[in-house]
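# A closer look at the structure
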Amino acid sequence: MTSNNKHLLTYLNFISKDFYLDTYTGSKILSHIKKLDKFIVAIIYLYIYLLSFLSRCFFFKSFSLLENHRISFLVKILFVFNFFIKKVDQVIFTIINLHIYADEELPRVTLKKDKNLDSNSNYSKFIIIGSGPSGAVTASELAKHHSGDILILEKGSFFDIPNSKHPGDEFSKKWYRGGVNSTYFPEMIAYSSGSCFGGGSEVNSGLFHEPDKNFLDEWKREYQTDGLDEESIKEYCDKVNSLTSHKQNIDTKFSNSFVEGAEKGNQKYSELKKFYNQYSGKKNSMSKTLLQDFLKYGGKVELNTEALNIEYKDNQWFVKTKQDGELKYFSCKYLFLCSGSIFTNNLLLKSHISRQKRKTISKFTFHPMIKMIGSYKEDIQALNEDVIAHQNMEFWPKFIIGNASSSIQFLLSSFHNETVIKNFIENNWKKMKIFHATFSLGSGKIINLPFTKEPTLLYFLKRSDKNIINKAAMELFNFIKNTGTDFVIPIIKKNPKLIKTSEKDFNLNNMQSFNNFQLSSVHILGGVTMGEKPECVVDSYGRVKDYEGLYVNDSSLINTKLLKNPQGTIMVIAYRNIDNFLNKA
């Protein structure tokens, strides 16, 4: 282990305090940290370097040999960097807890290659970049008609689905940049997405919403999109619906409390289907369903292969990739971009495709959310259990209230420096659940800084957006109170408090300032407008205008407000578009 890693491991133990990290757990956490955003990693190691330098200056010994009280002294000396130190400590604290409280190992899955296929050829008639829900739909449908002539390029690896909810190994191995990402300006919004074989379907909660009539009508009106109505997409909705069920939705104390809270307030609620097998109760992720069909039809897959650039020449598409650290080129007649919003957008931008529509392609949207914790009299959860399928729909389309992952590691993650709340959570976590209010607000912009490979994201919220979020906080608080909680803890940046729900006339003035909320998002949409309007990037079925054989078929196509879990809609649109392609072909 290098001296820098030894010093960082020392700091990890300083942050964890209550837990001693053995060499094995420490090495897993170090490996996880190295997968984060390069900017975050650089700040962490610079901070550790400064602490190491000060250790030599003040104590004449290596930082790795210091006691905790001396490390605290050095941290205080660097008070001018308090903003960055708090951010570093929160990231490290979160990652430590992910691995301590959910230590399930994820085994790597090896794909079997068909011996009859020419593994040395880098040409395939069809190439699909990305293997998430949209890529899996595209690949499996093509494979039924063009067996053995389709290649998936996937940036991530293939690991099995865990039995527990979001173990640390999953974040390290299956999430984009270790699951810790943020926009930097003007709003700081934490976001995450899958980066593995099967994409987001491997790591999300699998809640299923069908696209509704209002959403489809608005999309058609806004972009003049042909063939986009309830009747024309019904067969594709049925296909997606066949992968879902209510089987996994177990009646728990908490789901009953959630329903009682809605009924007490006379509020509308729904119980969603989830992407789970109705017979086995196992998750119907893409690696377990459509991608298995793709492989049976002779589909080819290149894992750990990141698309860097695409170029059209000599009537072929050429894809420049980095595979296991080395450059590799692939070519095809038809190229389908299914990497998801921001990733597909960024590939188009870096490849100078549709340059005149660059301003549109550089846009995207999040589903920002705020969160609060509810604490009950009795135990209401077990370690690492899944979210419930109920949602409060009373305030839709302004916002939706639901349940987020609530095991102890997620409860603690925002309260590293809040001793009273941290101790309360450690003693009562089985009685606690996290609630979210989720919005479809704001807009983002992708920028590419010099000498950087990954996109840098900005996010903007208008004053009216912030007012909606502030008002929603009170509705979220009242709903949580109606579910029977004793305490509510708003997840905010400054001065979080344990709020006793029996207090009369309590107001949220201490948190009803937009800037105090910790915003996060797990849904990323938009940037590639689809329709017949001249300014649209692709036509009504995903073909990039003015280019032969180039298609987009993923979440970047959704540019109309969609305040619902988007996986079902993404898959329905993907089925519709690839069916149109096959019929024309």
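Quick caveat: nothing in here was measured; it's all calculated off a predicted structure. (Residues numbered from 1 in each chain as written. Predicted model: local features only at pLDDT ≥ 70, side-chain atom pairs only at ≥ 80, totals over all residues. Heavy atoms only, no water.)

### Some points on the overall build of the protein chain
Looking only at helices and strands, the protein chain has 17 helices and 24 strands in total. For the C-alpha atoms alone, the extent of the protein chain along its principal axes is close to 70 × 60 × 45 Å. Every one of the 585 residues in the protein chain was classed for burial, and the buried ones make up 58%. For the protein chain, the accessible surface area stands at approximately 25600 Å², while carbon and sulfur atoms represent 50% of it. (Helix = DSSP H or I, 4+ residues; strand = E, 2+ residues; numbered from the N terminus. Buried < 20%, exposed > 50% of the residue type's maximum accessible area, 1.4 Å probe, protein only. Areas by Shrake-Rupley, 256 points an atom, 1.4 Å probe, with all protein chains shown as cover.)

### Quick look at a positive patch on the surface
A grouping of K86, K87, K493 and K494 is seen on the molecular surface, where their side chains present a positively charged patch. Inspection of the secondary structure assignment puts K86 in helix α5 (residues 82–101). (Patch = residues over 30% accessible without salt bridge, like charges linked within 9 Å, V, L, I, M, F, W, Y side chains within 5 Å. Salt bridge = Lys/Arg side-chain N within 4 Å of Asp/Glu carboxyl O. Lys, Arg positive; Asp, Glu negative; His and termini not counted. Charge placed at Lys NZ, Arg CZ, Asp CG, Glu CD.)

### Describing the pattern of salt bridges
Where side chains of opposite charge bring their charged atoms close, a pairing between them can arise. A full pass over the atoms with the stated rule returns 24 salt bridges. A salt bridge links D386 to K165; the shortest N-O distance between them is 3.0 Å. Residue D386 is located in the loop between β14 (369–375) and β15 (390–392), and its partner K165 is located in the loop between β2 (150–153) and α7 (168–174); the two are separated by 221 residues in the primary sequence. Look at K165 and you get buried, because its relative accessible area is 9%. With a closest N to O distance of 2.7 Å, D217 and K213 form a salt bridge. Residue D217 and its partner K213 are both found in helix α8 (residues 213–223); the two are separated by four residues, about one turn of the helix.

### Notes on helix α15 (residues 419–428)
Those residues of α15 not exposed but buried are I421, K422, F424, I425 and N428. Burial along α15 is one-sided: seen end-on, the buried residues are contained in an arc of 160°. Facing away from the buried surface of α15 by more than 90 degrees, the exposed residues are T419, V420 and N427. On its buried face, α15 is in contact with α5, β14, α14 (408–412), β17 (432–438) and β20 (487–490). (Arc of directions from axis to C-beta. Contact = heavy atoms within 4.5 Å.)

### Considering the nonpolar core
Ranked by internal contacts, the top residues of the largest apolar core, which has 111 residues, are I129, I310, L335 and F336. The element that contributes the greatest number of residues to this core is helix α17 (residues 567–584), accounting for nine residues. Aside from chain neighbours lying at most four places away, what touches I129 is L153, A307, I310, V319, L335, F336, L337, C338, S339 and L347. (Core = buried A, V, L, I, M, F, W, Y, C linked by side-chain atoms within 4.5 Å.)

### Topic: the environment of L563
Along the chain, L563 turns up in the loop between β24 (550–552) and α17. Note on L563: relative accessible area 7%, which makes it buried. Remark: the alpha-carbon pair of L563 and G549, spanning 14 residues in sequence, is separated by 32 Å. Among residues more than four places away in sequence, those in contact with L563 are H367, W396, P397, K398, F399, I400, T438, F439 and S440.

### Some details on the side chain of S134
Relative to the assigned elements, S134 resides in helix α6 (residues 133–145). Looking at S134, the relative accessible area reads 5%, which means it is buried.

### Side note on the side chain of N392
In this fold, N392 is placed in strand β15. Setting aside its immediate chain neighbours within four residues, N392 contacts F258, Q267, K268, Y269, I400, I401 and F479.

### A few points about the pairing of β17
With seven of its seven residues buried, β17 lies for the most part within the structure. Neither face of β17 is exposed, since M432, I434, H436 and T438 on one face and K433, F435 and A437 on the opposite face are all buried. In the sheet, β14 pairs with β17 via seven bridges, with the strands oriented antiparallel. Looking across to β17, one finds that I373 is bridged to I434. (Pairing = 2+ DSSP bridges.)

### Description of the packing of aromatic side chains
Scanning the model with the defined rule gives 35 aromatic pairs in all. Between F39 and Y184 the ring centres are 5.5 Å apart and the planes differ by 85°, which places this aromatic pair in the edge-to-face class. Residue F39 is found in helix α3 (residues 38–59), and its partner Y184 is found in the loop between β3 (181–182) and β4 (185–186); the two are separated by 145 residues along the sequence. Of the residues examined, Y184 reaches a relative accessible area of 31% and is grouped as partly exposed. Ring geometry for F126 against Y334: centres 5.3 Å apart, planes inclined by 15°, an arrangement best described as stacked. Of the two residues, F126 is situated in strand β1 (residues 123–129) and Y334 in strand β12 (residues 326–337); the sequence distance between them amounts to 208 residues. Residue F126 is classed as buried on the basis of its relative accessible area of 1%. Aromatic ring contacts, followed pair by pair, group F126, Y334, F336, Y551 and F581 into a single cluster. Across from the ring centre of F14, 4.4 Å away, lies the NZ or CZ of K17, which sits over that ring. (Phe/Tyr/Trp six-rings, centres within 6.5 Å; stacked < 30°, edge-to-face > 60°. Lys NZ or Arg CZ within 6 Å of the ring centre and 35° of its normal.)

### Details of the environment of F336
Structurally, the position occupied by F336 is in strand β12. Those residues in contact with F336, other than ones at most four positions away along the chain, are F126, I127, I128, I129, T138, L142, Y551, I578 and F581.

### So, the environment of I85
Mapping I85 onto the fold places it in helix α5. Taking the C-alpha atoms as reference, I85 lies 9.2 Å from I43; in sequence the two are 42 residues apart. Those residues in contact with I85 that sit more than four places away from it in its chain are Y47, V75 and L78.

### Quick word on a nonpolar patch on the surface
A contiguous nonpolar patch, built from F79, V80, F81, F83, F84 and M188 and spanning about 630 Å² of accessible area, is present on the exposed surface. By relative accessible area, M188 is classed as partly exposed at 35%.

### A word on helix α10 (residues 253–264)
For α10, built from 12 residues, the straight-helix expectation of 16 Å at 1.5 Å per residue is met to within 8% by its first-to-last C-alpha distance of 16 Å. When we look at burial in α10, the residues that qualify are F254, S255, S257, F258, V259, G261 and A262. Where α10 is buried, its residues touch β7 (269–271), β15, β16 (400–404), β17 and α16 (463–482). Looking at the residues trailing α10, positive phi occurs at N266, about 55°. (Expected span 1.5 Å × (residues − 1).)

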